[in-house]
Amino acid sequence: MYEYARMKFYCDENRCIECNACTIACAEAHELPVGINRRKVITLNEGIEGKEFSTSIACMHCTDAPCSQVCPVECFYIREDGIVLHDKDKCIGCGYCLYACPFGAPQFPKDGAFGIRGKMDKCTLCAGGPLPTNSIEEFELYGQNRIAEGKVPMCAAVCSTNALIVGDADSVAEIIRARNAAKGKGTSSPYGWDIAYK
Amino acid sequence: MKKLLPFIGTILLANVPLAEPNKAPINSSSALNSPQLVESIPGWHKFGALFVYIQTHWINILFLIVLLAIPTIFFLHYKVIGPKVFSHKGKKFLIFPPWQRVVHWIAAAGFILLVPTGFLIIYAKFFGGGSFIVFARYLHLIGAILFAIAFIPMTLMWFKEMLPQIWDIKWLLMLGGYLSKEKKEIPAAKFNAGQKMWYWIIVFGGFLMLLTGLLLYLRDFNIALLSTFNLNNLFGIDILRISIIVHLLLAVIIVTFFFTHLYMSIFAIKGAIASMIDGYKSEDELKHLHSIFYKKLINKEEKF
Ligand code: SF4
Ligand code: SF4
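1. A closer look at the overall build of chain A
Phase 1 of the analysis: Counting its regular elements, chain A contains seven helices and eight strands.
Phase 2 of the analysis: By the compact-globule yardstick of 16 Å for 198 residues, chain A fits well, its C-alpha radius of gyration being 17 Å.
Phase 3 of the analysis: Overall size of chain A, expressed as C-alpha extent along the three principal axes, is 55 × 45 × 30 Å.
Phase 4 of the analysis: Per-residue burial for chain A yields a buried fraction of 57% across its 198 residues.
Phase 5 of the analysis: When contacts within chain A are restricted to residue pairs at least 6 apart in sequence, long-range pairs at least 24 apart make up 54% of them.

Laid out in structure tokens, this is it:
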């Protein structure tokens, strides 16, 4: 069973209360600079009764990740558990991954005197990067490697309503099914899943 | 008094806007952190998928063709048909006044930076990526600034002479006489149809390159601008996707013409580049390659 684990994010729009805990926890845990938002909470149809909902959004670690397909230096690598990571030493900051990404996940710091895009930064599902696991260098470039320590990614760990869930595909699907059943709803695919996961 | 407190409280609250809870990391003028971000996700199938398709299937191969096939064609042309040689002795005519040459060379300097660095970015993997290519991107930006400086003066200074004229059709039909060794009078005024094509590609294409390049550089711009152009249905990220597609495909055309321009001025017409350095063209060259212009010049001289 463990061999086939495939990590997925899921944010339950019925539960998300726009507390922004995930955003803040992520930024703090990985010591992200201002302007880099690996995870963001966005409210739709604000003020429209019955239609307003919030959702937390970050890299979805897509199947056949479009970002990795377009990268001119092929600096992405996809782990066996589906986590999409990239190598900042190779990245040239071209921005192609952002244009290809359905979720606006890739973030770019401004670099140098001309303010061009620096090296790309995005959610790592708290799995660090290609540098030695849990080394200082890895932390500085990619943030914590909580997966290597057996911990839940920071955002999901702090979600007070359990709206944001992360885990292998089967367990996540099981939770979605149970929640929908409890509300008497049929099976429905969460927002954006059809694009992220094939 | 106690009864009044809730009222006072309401009045105070009504006047003091509460700070938005924990919105700090999200910038309200951002297009990439807005509700449109989520709304645009299903729309990825349009321009997002198109960009992935073009980038994965076409870009590398198209630029490789430009990089290899175009010089090969010119090499063959040079070997088989050969360059045109004109006498540079005898009478000379001032064609390009100094300020026109300065404007031309600013744009040229821009191109000399833009084109190779553009190739470096496209084939970044081949060159190892990393800081070296980031440096190339800096040069790409500097090149763009140089080109932008020259863009308006260059558009204006040649505008009239670059308007199409009836004999340009003839020039196009005989491809400017470059397919034969024969030296004969080619119908063209100050600029021939080939030069005119290059000019208009620079005017329209160059403008689009500057615009799309600027949008890609700004990346996250206020969508208020979009609503003034009635482009509300396009989210910022779609603008970026359209921009990169246009930027890349247009580059294929512009680079092709740039190589042609280089070949013509340096190899195909011996000494042609001199006219952009000292401003003079020789009588022999004008008589053949710009015959209509030459006749006008001579008429004018005879009148005086
Ligand atoms: S969400 Fe975007 S950045 Fe993350 S894997 Fe998918 S395409 Fe890549
Ligand atoms: S910005 Fe970096 S990671 Fe993204 S496509 Fe360009 S080189 Fe690859």
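2. Concerning the site of ligand 2
Phase 1 of the analysis: For ligand 2, the set of nearby residues contains 14 residues, the closest of which are Cys71(A), Cys91(A), Cys94(A), Gly95(A) and Cys97(A).
Phase 2 of the analysis: In terms of residue class, the shell around ligand 2 is built from twelve nonpolar, two polar and no charged.

3. Some thoughts on a nonpolar patch on the surface
Phase 1 of the analysis: A contiguous nonpolar patch, built from Leu50(B), Tyr53(B), Trp58(B), Ile61(B), Leu64(B), Ile65(B), Leu67(B) and Leu68(B) and spanning about 710 Å² of accessible area, is present on the exposed surface.
Phase 2 of the analysis: Along the chain, Tyr53(B) falls in helix α3 (residues 44-80).

4. Describing the packing of helix α5 (residues 131-162) of chain B against helix α7 (residues 193-218) of chain B
Each packed pair of helices is defined by two parameters, the angle between the axes and the distance between the axes.
All names here are of chain B.
Phase 1 of the analysis: Running from N to C, α5 and α7 cross one another at 145°; their axes reach a closest spacing of 10 Å. Considering only the axes of α5 and α7, their crossing is left-handed. From α5, Leu141, Ala144, Phe147, Ala148, Phe151, Met154, Thr155, Trp158, Phe159, Glu161 and Met162 reach across to α7, where they touch Gln195, Lys196, Tyr199, Trp200, Ile202, Val203, Gly206, Phe207, Leu210 and Tyr217.
Phase 2 of the analysis: Taken together, the residues of the contact of α5 with α7 sort by class into 16 nonpolar, three polar and two charged.

5. Topic: the pairing of strand β8 (residues 164-168) of chain A
Residue and element names in this part refer to chain A.
Phase 1 of the analysis: When you tally the buried positions in β8, you get five out of five residues, the bulk of the element.
Phase 2 of the analysis: Sheet analysis places strand β1 (residues 7-11) next to β8, joined by five bridges and oriented antiparallel. Bridge pairing in β8 links Met7 to Asp168.

6. Considering the interface of chain A and chain B
Phase 1 of the analysis: At the junction of the two partners, chain A supplies 47 residues and chain B supplies 42 residues.
Phase 2 of the analysis: Both faces considered, chain A and chain B share a buried interface measuring about 4000 Å² in area, 64% of it formed by carbon and sulfur atoms.
Phase 3 of the analysis: On the chain A side of the interface with chain B, the three residues burying the most area are Ile92(A), Tyr99(A) and Phe114(A), jointly 18% of the side's total.
Phase 4 of the analysis: Counting the contacts that link chain A with chain B gives one salt bridge.
Phase 5 of the analysis: Counting across the interface, chain A meets chain B through 14 residue pairs in polar contact (both at pLDDT 80 or more).
Phase 6 of the analysis: Broken down by element, the side of chain A that touches chain B gets its largest block of residues, five residues, from strand β2 (residues 40-44) of chain A.
Phase 7 of the analysis: Broken down by class, the residue content of the side of chain A that touches chain B amounts to 26 nonpolar, twelve polar and nine charged.

7. Overview of a negative patch on the surface
Phase 1 of the analysis: A surface patch of negative charge is lined by Glu28(A), Glu31(A), Glu137(A) and Glu140(A).
Phase 2 of the analysis: Relative to the elements of secondary structure, Glu140(A) occurs in helix α4 (residues 136-142).

8. Considering the layout of surface pockets
A probe matching the size of a water molecule, rolled over the atoms, marks out where space remains unfilled.
Phase 1 of the analysis: For the largest pocket, the calculated volume is near 1200 Å³.
Phase 2 of the analysis: Every residue lining the largest pocket is counted, 47 residues in all, and those nearest its centre are Gln195(B), Trp198(B), Thr260(B), His261(B) and Met264(B).
Phase 3 of the analysis: Contributing elements (two or more residues each) for the lining of the largest pocket: α3, α4 (98-122), α5, α6 (167-173), α7, α9 (236-268), α10 (274-277) and α11 (283-289) of chain B.
Phase 4 of the analysis: Partitioned by chemical class, the residues of the lining of the largest pocket number 34 nonpolar, eleven polar and two charged.
Phase 5 of the analysis: Forming the boundary of the second largest pocket are 34 residues, of which Leu114(B), His140(B), Ala144(B), Gly213(B) and His247(B) lie nearest the centre.
Phase 6 of the analysis: The set of elements that each furnish at least two residues to the lining of the second largest pocket consists of α3 (96-100) and β7 (116-117) of chain A together with α4, α5, α7 and α9 of chain B.
Phase 7 of the analysis: Among the residues making up the lining of the second largest pocket, the classes are represented as 27 nonpolar, five polar and two charged.

Rules used in this analysis
- Residues numbered from 1 in each chain as written.
- Chains lettered and ligands numbered in written order.
- Predicted model: local features only at pLDDT ≥ 70, side-chain atom pairs only at ≥ 80, totals over all residues.
- Heavy atoms only, no water.
- Helix = DSSP H or I, 4+ residues; strand = E, 2+ residues; numbered from the N terminus.
- Rg over C-alpha atoms; globule rule 2.2 N^0.38 Å.
- Buried < 20%, exposed > 50% of the residue type's maximum accessible area, 1.4 Å probe, protein only.
- Contact = heavy atoms within 4.5 Å.
- Near = heavy atom within 4 Å.
- Nonpolar A, V, L, I, M, F, W, Y, C, P; charged D, E, K, R; others polar.
- Patch = residues over 30% accessible without salt bridge, like charges linked within 9 Å, V, L, I, M, F, W, Y side chains within 5 Å.
- Areas by Shrake-Rupley, 256 points an atom, 1.4 Å probe, with all protein chains shown as cover.
- Salt bridge = Lys/Arg side-chain N within 4 Å of Asp/Glu carboxyl O.
- Axes fitted to C-alpha atoms, helices over the stretch in contact; angles between N-to-C directions.
- Left-handed = near helix turned anticlockwise from the far one by under 90°.
- Pairing = 2+ DSSP bridges.
- Buried area = accessible area lost by both parts, 1.4 Å probe.
- Polar contact = N/O pair within 3.5 Å; in protein donor to acceptor, adjacent residues only side chain to side chain.
- Lys, Arg positive; Asp, Glu negative; His and termini not counted.
- Charge placed at Lys NZ, Arg CZ, Asp CG, Glu CD.
- 1 Å grid on protein atoms, 1.4 Å probe; cavity = no way out; pocket = protein on both sides within 12 Å on 5 of 7 lines; lining within 4 Å.
- Points joined across faces, edges and corners; volume = space filled by probe spheres on them.

Geometric descriptors of this kind do not, in isolation, establish any biological role.
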